[in-house]
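Next come the chains, spelled out residue by residue.
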Amino acid sequence: TQSISEIARVKNLNRLQIGKHEVDAWYFSPYPQEYAHLPVLYLCEFCLCYFGSPFMLSRHRKRCNLMHPPGNEIYRHEDLSFFELDGKRQLTWCRNLSLLSKCFLDQDSTGCHIIGYFSKEKESADSYNVACILTLPQHQRHGYGRLLIQFSYELSKKEGKLGSPEKPLSDLGLLGYRAYWAETIIDLLLTTSDDVSIDEIAQKTSITHADVMNTWFFKHYKGQHVICIPESVQERYKKSLEKRKRRIHPEYLKWKPPV
Ligand code: ACO
Ligand code: ZN
């Protein structure tokens, strides 16, 4: 006999069609029973409502007039936008997003566009600036995770706070964050000529002291922690920073922390 938790974890969906993409579901997601085990679940890529057949979806698209996520567009530069949603006001959309995101996240995710998204507590007792982050599989490894992470730190800067992602991090989450922390710190060090303290790095980047410390080999020198980045690593990062097409331009961010 299977335990309830085992049953709950068995993947129940096969494939999802989102816009012109079709992808495999990775994990269990609590879509209603009648939608589970269909060969393909058809999603409206704008409202994220789900349907059992292409016919049902096309009928829906005649009525659904959404062309972007609901909520406030709080950032736009060239062809990239961010929308801020409120879980209470855009309840259905957020519910649909949670169902979709759960297909690719192994643990239960609290609260939870369509490249990806991150969720964030309005107020975090543990100074978390991200609860949960996801790039949809068809868009992974194109730098969007890095953009989402940078965006979350830009929000922390507006709040005047240091922030860190909620733990535990998934394996991919850790890889993404490690890469971001390392690049951000190297970028800062390469563009400032003076000595920089860990505290200054934290204040300028909103990355917590602990995360700054975790990224690099800090050496003790005359009773102080000294950052030591080999030339080879610097060169590698300079090259990868140069080839980054997209980054967040904070001057386009229009957002105030909730009161
Ligand atoms: N293998 C090795 N390194 C990786 C991988 C991978 N599969 N994915 C990301 N990285 C590292 C690389 O250094 C990469 O830089 P590079 O491509 O220049 O080498 C860097 O992370 C950033 O990659 P992006 O393309 O910006 O990241 P992506 O858009 O793929 O999103 C994310 C990363 C969000 C973690 C994605 O893998 C994902 O959604 N995974 C499933 C859900 C998940 O695990 N979310 C995190 C949970 S923890 C939390 O939410 C706090
Ligand atoms: Zn729709």
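Residues numbered from 1 in each chain as written. Chains lettered and ligands numbered in written order. Predicted model: local features only at pLDDT ≥ 70, side-chain atom pairs only at ≥ 80, totals over all residues.

Draft legend 1. Focus on the environment of threonine 92. Along the chain, the position of threonine 92 falls in helix 3 (residues 91-102). Threonine 92 sits in the exposed class, given 11 other C-beta atoms within 10 Å. With 43 residues separating them in the primary sequence, threonine 92 and cysteine 49 have C-alpha atoms 8.6 Å apart. (Helix = DSSP H or I, 4+ residues; strand = E, 2+ residues; numbered from the N terminus. Buried ≥ 20, exposed ≤ 12 C-beta atoms within 10 Å, placed from the backbone.)

Draft legend 2. Quick look at the site of ligand 1. Near ligand 1 lie 23 residues; those nearest to it are Thr135, Gly145, Ser170, Gly173 and Ala179. Counting residues per element, the shell around ligand 1 draws most heavily on helix 5 (residues 171-191), which supplies 5 residues. The class makeup of the residues in the shell around ligand 1 is 12 nonpolar, 8 polar and 3 charged. (Near = placed C-beta within 6 Å. Nonpolar A, V, L, I, M, F, W, Y, C, P; charged D, E, K, R; others polar.)

Draft legend 3. A look at the packing of helix 5 against helix 6 (residues 198-205). Where helix 5 meets helix 6, the closest approach of the two axes is 11 Å, and the angle between their N-to-C directions is 110 degrees. One way to sum up the angle between helix 5 and helix 6 is to call them roughly perpendicular. Listed contacts from helix 6 to Thr184, Ile185 and Leu188 of helix 5 are Ile201, Lys204 and Thr205. Classifying every residue of the contact of helix 5 with helix 6 gives 3 nonpolar, 2 polar and 1 charged. (Axes fitted to C-alpha atoms, helices over the stretch in contact; angles between N-to-C directions. Parallel < 35°, antiparallel > 145°, perpendicular 65-115°, else oblique. Contact = placed C-beta atoms within 7 Å.)

Draft legend 4. Molecular detail of the nonpolar core. Residues Leu41, Leu43 and Ile133 are the most contacted members of the largest nonpolar core, which totals 40 residues. Put simply, the parts of the chain that give this core at least two residues each are strand 3 (40-43), strand 4 (50-51), helix 3, strand 7 (116-119), strand 9 (132-135), helix 4 (144-159) and helix 5. Here this core takes 6 residues from helix 4, the largest share from any one element. Ignoring anything within four residues of it in the chain, the contact list for isoleucine 133 reads Phe118, Gly145, Leu148, Ile149 and Gly173. (Core = buried A, V, L, I, M, F, W, Y, C linked by C-beta atoms within 7 Å.)

Draft legend 5. Local environment of the sheet that holds strand 2 (residues 21-24). Judged by pairing direction, the sheet is mixed, and its 4 strands sit side by side in the order 2-1-3-4 without closing on themselves. Two strands lie at the open edges of the sheet, namely strand 2 and strand 4, each paired on one side alone. (Pairing = 2+ DSSP bridges.)

Draft legend 6. View of the packing of helix 5 against helix 8 (residues 231-243). Two elements in contact, helix 5 and helix 8, have axes separated by 10 Å at closest approach and are oriented at 100 degrees. Viewed along their axes, helix 5 and helix 8 adopt a mutual orientation that is roughly perpendicular. Across from Glu183, Ile186, Asp187 and Leu190 in helix 5, the residues of helix 8 making contact are Gln234, Tyr237, Lys238 and Leu241. Split into classes, the residues belonging to the contact of helix 5 with helix 8 amount to 4 nonpolar, 1 polar and 3 charged.

Draft legend 7. Geometry of the pairing of strand 6 (residues 80-84). Sheet topology places strand 5 (residues 72-77) next to strand 6; 5 bridges connect them, and they run antiparallel. Bridged to arginine 76 within strand 6 is serine 81. In this antiparallel pair of consecutive strands, strand 5 and strand 6, the connection spans 2 residues, and glutamate 78 shows a positive phi of 50 degrees.

Draft legend 8. Structural view of the UniProt feature "active site" (unreviewed entry) in the protein. Following the UniProt record, one finds the feature "active site" (unreviewed entry) at Glu166. The contacts of glutamate 166, once residues within four sequence positions are left out, are Tyr128, Val130, Ala131 and Cys132. (UniProt positions renumbered as here; feature names shortened; annotations may be inferred.)

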